[in-house]
There are 2 protein chains.
Amino acid sequence: MKKIRTIVVNRSAYADNDAEASLLRSYLKDRGVFLVNVMSSPGAGKTTTLIKLINALKDSYRIGVLEADIDSDVDAINVAKETNVKSIQLHTSGMCHLDAGMTKKGLDEIDISDLDLLFLENVGNLVCPAEFDTGACMDIVILSIPEGDDKPLKYPLVFSKCDLVLINKIDTIKFFNFDFKKCEEMIKYRNPNSTVIKISALTGEGINQVRDYLKNKIDSWRKS
Amino acid sequence: MKKIRTIVVNRSAYADNDAEASLLRSYLKDRGVFLVNVMSSPGAGKTTTLIKLINALKDSYRIGVLEADIDSDVDAINVAKETNVKSIQLHTSGMCHLDAGMTKKGLDEIDISDLDLLFLENVGNLVCPAEFDTGACMDIVILSIPEGDDKPLKYPLVFSKCDLVLINKIDTIKFFNFDFKKCEEMIKYRNPNSTVIKISALTGEGINQVRDYLKNKIDSWRKS
């Protein structure tokens, strides 16, 4: 076997929208609305997880959802149908992520004056959404079993920035070669302060644990 | 259920690298090297598919592989180990895709003078790689069963640009709710000229069909 050479072919050149995101976080704090940014690869189960989670939380909070996609409005329709909370679709016109300005536009459109908790389902993409601070109060990444346990190795930024990592589709674990220990070690290597919870959005396993985690997080935020 | 509103929040502003990509295609044609760009979500099975495909093709062509990732070199190592063909890792330093200039740098590094066929495994991302013409002679997208049948609806560009769509992990079909007919109809709606082949990179099912498709494609390209 030949030795592998590694070539650096470019440097990231994304615009910095950190200042705008900080302003947005203050704006949300002033209004008592906790914004959660949810990121994952396409098909990792963001929408199904949100539906289960919202139904577990909606007796405690007035909830809204911003669904970002390049095209289609199936996710916003599904969330509204399955949870009966306020939901709007954001179309990014081909854009691979949301930044703070786009998120603010979503907030203005959904009207946060009657909300306590707002979920933002980002574009399905494990790379670009992590580059842009949306202004959210916390970030969740969902990694699903079929994607493989090596994703925290290959997509470092999203795992280093996330407060909570949900390992989804654990109901399919016996059909895939997925090493939880190796995966969790790599997640902790990327971010020692992150929390990892195993869930199945399909069966509901682990959802109550996520609900309790979020309730604690919101309580601390309100007191801060 | 409330009516869903859809808000356009931004427009894509990617740089146009079409001219550079066209030059690269002429450069490859002059040298008789057929370049295949392979795209998918993270964890859809690009590397495993390439390993199976290269082993089915390496008696007919002198093959090389460019493995693009944000971090790690596990894919280039695996490909070299499992196929014994020439393979190098391209690191994109956080960049979510490859463009024609980055691809050309990869070609120069691997040295194409002793190759007939070169695979480029793009960054795992169903959005941005489709925005940038790499200069490849053809594009493949891999969609895996666990991601769901709605991906051609939500990620239109990559499906509209691809010559060949491989539906991978068909060995897991009984564990997921995936409607082939609906998915194929949507792929054909995005691109009526695309070919769809069902495969399992794990079991090898469908790989010979992909091999024959590529051989025909390379034959036509050589005669053109």
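Remember, it's a predicted structure, so these values are computed and weren't measured experimentally. (Residues numbered from 1 in each chain as written. Chains lettered and ligands numbered in written order. Predicted model: local features only at pLDDT ≥ 70, side-chain atom pairs only at ≥ 80, totals over all residues. Heavy atoms only, no water.)

Trainee: Can you lay out the relation of the copies chain A and chain B for me, pointing to particular residues and giving the numbers?
Mentor: Between chain A and chain B, the superposition needs a rotation of 180 degrees and an axial shift of 0.0 Å, giving an RMSD of 0.0 Å. Such a combination of turn and shift is consistent with a two-fold rotation axis. Take the interface residues of chain A: 100% of them recur as interface residues in chain B, which is what a same-surface contact looks like. (Least-squares fit on C-alpha atoms with pLDDT ≥ 70 in both. Contact = heavy atoms within 4.5 Å.)

Trainee: So, the nonpolar core: which residues are in play, and what are the values?
Mentor: Counting residues in each nonpolar core, the largest one holds 144 residues, and the members touching the most others are A:Phe119 and B:Phe119. Beyond its immediate stretch of four places on either side in the chain, B:Phe119 contacts B:Val36, B:Val38, B:Leu50, B:Leu53, B:Ile54, B:Leu57, B:Ile63, B:Gly64, B:Val65, B:Leu66 and B:Leu214. (Core = buried A, V, L, I, M, F, W, Y, C linked by side-chain atoms within 4.5 Å. Buried < 20%, exposed > 50% of the residue type's maximum accessible area, 1.4 Å probe, protein only.)

Trainee: Let's hear about the pattern of salt bridges: which residues, and what values?
Mentor: Applying the stated criterion across every chain yields a total of 22 salt bridges over all chains. Note that A:Asp133 is salt-bridged to A:Arg25, the shortest N-O span being 2.7 Å. Taken together, the residues span a long stretch of sequence, with A:Asp133 in the loop between β5 (117–121) and β6 (138–144) and A:Arg25 in helix α1 (residues 18–31) at a distance of 108 residues. Between A:Lys154 and A:Asp150 there is a salt bridge; the shortest N-O distance is 3.3 Å. Among the charged side chains, a network of salt bridges with common partners joins A:Asp75, B:Asp150, B:Lys151 and B:Lys154. (Salt bridge = Lys/Arg side-chain N within 4 Å of Asp/Glu carboxyl O. Helix = DSSP H or I, 4+ residues; strand = E, 2+ residues; numbered from the N terminus.)

Trainee: Describe the pairing of strand β2 (residues 34–40) of chain A, and please don't skip the residues or the numbers.
Mentor: In the case of a regular strand, side chains alternate between the two sheet surfaces. All names here are of chain A. Across the seven residues of β2, seven count as buried, placing the element largely inside the fold. Going residue by residue along β2, you find Phe 34, Val 36, Val 38 and Ser 40 tucked away on one face and Leu 35, Asn 37 and Met 39 tucked away on the opposite face as well. Two strands pair when backbone bridges link them, and β2 and β5 are joined in this way by five bridges, in the parallel orientation. In the sheet register, Val 38 faces β5, and the bridge partner there is Glu 121. Examined bridge by bridge, β2 and β6 share five bridges and lie parallel to one another. Bridged to Val 38 within β6 is Ile 140. (Pairing = 2+ DSSP bridges.)

Trainee: Report on the side chain of B:His91, specifying residues and quantitative values.
Mentor: Residues and elements named next belong to chain B. Looking at the element boundaries, His 91 is found in strand β4 (residues 86–91). Using a relative accessible area of 15% as the deciding quantity, one classes His 91 as buried. A polar atom in the side chain of His 91 sits 2.9 Å from the backbone oxygen of Ser 72. (Polar contact = N/O pair within 3.5 Å; in protein donor to acceptor, adjacent residues only side chain to side chain.)

Trainee: Residue-level account of helix α1 (residues 18–31) of chain B, with values.
Mentor: All names here are of chain B. With 14 residues, α1 should reach 20 Å at 1.5 Å per residue; the first-to-last C-alpha distance of 20 Å fits that figure. Burial in α1 covers these residues: Ala 21, Leu 24 and Leu 28. End-on, the buried residues of α1 take up no more than an arc of 60 degrees, which puts them together on one face. Exposed side of α1, more than 90 degrees from the buried face: Ala 19, Leu 23 and Asp 30 are the residues found there. At its buried positions, α1 is contacted by β2 (34–40), α4 (100–110) and α8 (207–223). Of the residues one or two after α1, Gly 32 is the one with positive phi, at around 70 degrees. (Expected span 1.5 Å × (residues − 1). Arc of directions from axis to C-beta.)

Trainee: Residue-level account of the confidence of the model for chain A, with values.
Mentor: Mean pLDDT over chain A works out to 92, with 93% of the residues at or above the 70 mark. Among the prediction metrics, the complex's ipTM stands at 0.85, with pTM recorded as 0.90. (pLDDT = per-residue confidence, 0-100.)

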